[in-house]
Amino acid sequence: MSLLPLDGPASPTPHADDRPLPTPAPRPALTSAAVRRALSLLPLLLLGIWAAIDWRAVRDGAAHLATADPWWLLAGLLFTCLGWVAAACVRQGAIPDRLPKGLLLASQVAAGAANHVLPASIGAHAVTVRFLRRQGVPLPRATASIALYSLVRALAKTPLVLVFLLAAPAAVPPAALLPDGRTLLLAGAGLLLVPATATAVLALVPAWRRPALSFVRTALTDARRLHTRPARWLPLWGGALAAPLLQACVVASVGTALGVPLSWTQLVFAFLAASTVGGAVPAPGGIGPIDAALVLALAGYGTPLALATATVIGYRVLTVWLPLLPGMLVLSALVHREAL
């Protein structure tokens, strides 16, 4: 009498017919490389769409610039490129971590292009936050650096406006170029409404309180640390002061190239005043509000309206259209290299 094994009956020997049927191969899915390649081409698509929408400005600007002094236009383009350097200095000064200089400058070239696609500098800040995250910077510190960058850029423009307000020749009373009482009232109401809205949102949404408090603590701690290190606060405030001056010098270069009957100081102050007034309106790259304010400022100084319009168009060609193609190419290259 034979005994069965303790572990049960022996399993039968598998045959060829018992082999499992092969499962069908899954459908090919989009790989991360394909997605990244598509994202790298997206900025070029946006560039083409924007060029088609605003083609008249490109055509008119090119026609006006064709009669301008090319050397002064080249100087304006140089000031535009120096603006990227100033932005990179402010970005580095706003964060304690040491960033690679070449990639940081390239990220600001790309951020400048993205800034002209979304309003209120959202595009530039999004590119910068993504770059900082790829460099290993924690998200709270990256967002805190964006807040410090924006605050310092806004504060640095005020003393510049006051200095040029006193230094500009009184061809037209400079007060006429400043916002009226109604505009100042709306701006003051906005300054009060923003913190009140933020407080109400945090009171109604408790889940956001902890991230908000963490952000505030990180921002205050980093700001205090940065201002104890000259290697950080010098580029932070120096770049913030230089950035609007470089943009104003682009306007002054274009105005000189076109023969605008104003001094360099008047042209610089006109841009500072116009950007202060028009910058309060969220628009992609400030296009629209700043342009209208700048035309009015130049006309207020006695510039013929057609010449003032040509100056603004030339300024936009040098600061938007000419840098936009290389900026989009750099943005695509950074995405392709996984630096963004």
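Residues numbered from 1 in each chain as written. Predicted model: local features only at pLDDT ≥ 70, side-chain atom pairs only at ≥ 80, totals over all residues. Heavy atoms only, no water.

## Section: the overall build of the chain
On a plain count of helices and strands, the chain comes out with twelve helices and zero strands. The linear arrangement of helices and strands in the chain, starting from the amino end, is α-α-α-α-α-α-α-α-α-α-α-α. Here the chain holds 340 residues, and 37% of them are scored as buried. Excluding contacts between residues fewer than 6 apart, the proportion of contacts in the chain whose partners are at least 24 apart in sequence is 76%. As presented, the chain carries roughly 19300 Å² of accessible surface, and 71% of it is formed by carbon and sulfur atoms. (Helix = DSSP H or I, 4+ residues; strand = E, 2+ residues; numbered from the N terminus. Buried < 20%, exposed > 50% of the residue type's maximum accessible area, 1.4 Å probe, protein only. Contact = heavy atoms within 4.5 Å. Areas by Shrake-Rupley, 256 points an atom, 1.4 Å probe, with all protein chains shown as cover.)

## Here we look at the environment of Leu 155
Examined against the element boundaries, Leu 155 turns out to sit in helix α6 (residues 139-167). Sequence-wise, Leu 155 and Ala 240 are 85 residues apart; in three dimensions their C-alpha atoms are separated by 8.6 Å.

## What to know about empty space enclosed by the protein
According to the stated counting rule, one finds two cavities of 30 Å³ or more in the structure shown. The space that makes up the largest cavity amounts to roughly 50 Å³. Around the largest cavity, the lining residues are Arg 91, Ala 94, Ile 95, Leu 99, Leu 104, Thr 128, Leu 132, Ser 145, Ile 146 and Tyr 149. The set of elements that each furnish at least two residues to the lining of the largest cavity consists of α5 (122-134) and α6. (1 Å grid on protein atoms, 1.4 Å probe; cavity = no way out; pocket = protein on both sides within 12 Å on 5 of 7 lines; lining within 4 Å. Points joined across faces, edges and corners; volume = space filled by probe spheres on them.)

## Some remarks on the pattern of salt bridges
Pairing is possible between side chains of opposite charge, provided their charged atoms come close. Within this structure, the stated rule accounts for one salt bridge. Across the salt bridge formed by Arg 141 and Asp 97, the nearest N and O atoms sit 3.3 Å from each other. Here Arg 141, found in helix α6, pairs with Asp 97, found in the loop between α3 (70-93) and α4 (101-115); they are 44 residues apart in sequence, far enough to count as distant. (Salt bridge = Lys/Arg side-chain N within 4 Å of Asp/Glu carboxyl O.)

## Let's talk about the confidence of the model for the chain
In low-pLDDT segments, the atomic positions of the prediction should not be examined closely. Across the chain, the average pLDDT comes to 73, with 61% of residues at 70 or higher. Throughout residues 23-30 the model reports pLDDT below 50, and contacts reaching past four residues in sequence, or to other chains, amount to one contact. Below pLDDT 50 for its whole length, residues 280-286 participates in 17 contacts with residues either more than four positions away or in separate chains. (pLDDT = per-residue confidence, 0-100.)

## Notes on α4
Given 3.6 residues to a turn, an α-helix orients residues that are three or four positions apart in the same direction. Between its first and last C-alpha atoms α4 spans 21 Å; for 15 residues at 1.5 Å apiece the expected length is 21 Å, and the two agree. Turning to α4, its buried residues number three or more, namely Leu 104, Ser 107, Gln 108, Val 109, Ala 110, Ala 111, Ala 113, Ala 114 and Asn 115. At its buried positions, α4 is contacted by α3, α5 and α12 (305-336). (Expected span 1.5 Å × (residues − 1).)

## What to know about the side chain of Thr 311
For Thr 311, the position within the fold is in helix α12. Apart from residues no more than four positions distant in its own chain, Thr 311 is found in contact with Val 251, Val 254, Gly 255, Leu 258, Val 260 and Leu 298.

## Topic: a nonpolar patch on the surface
Taken together, Leu 78, Leu 82, Val 85 and Leu 105 make up a surface patch of nonpolar side chains, about 310 Å² in accessible area. The element best represented in the nonpolar patch is α3, accounting for three residues. Structurally, Val 85 is set in helix α3. Classification of Val 85 by relative accessible area gives partly exposed; the value is 39%. (Patch = residues over 30% accessible without salt bridge, like charges linked within 9 Å, V, L, I, M, F, W, Y side chains within 5 Å.)

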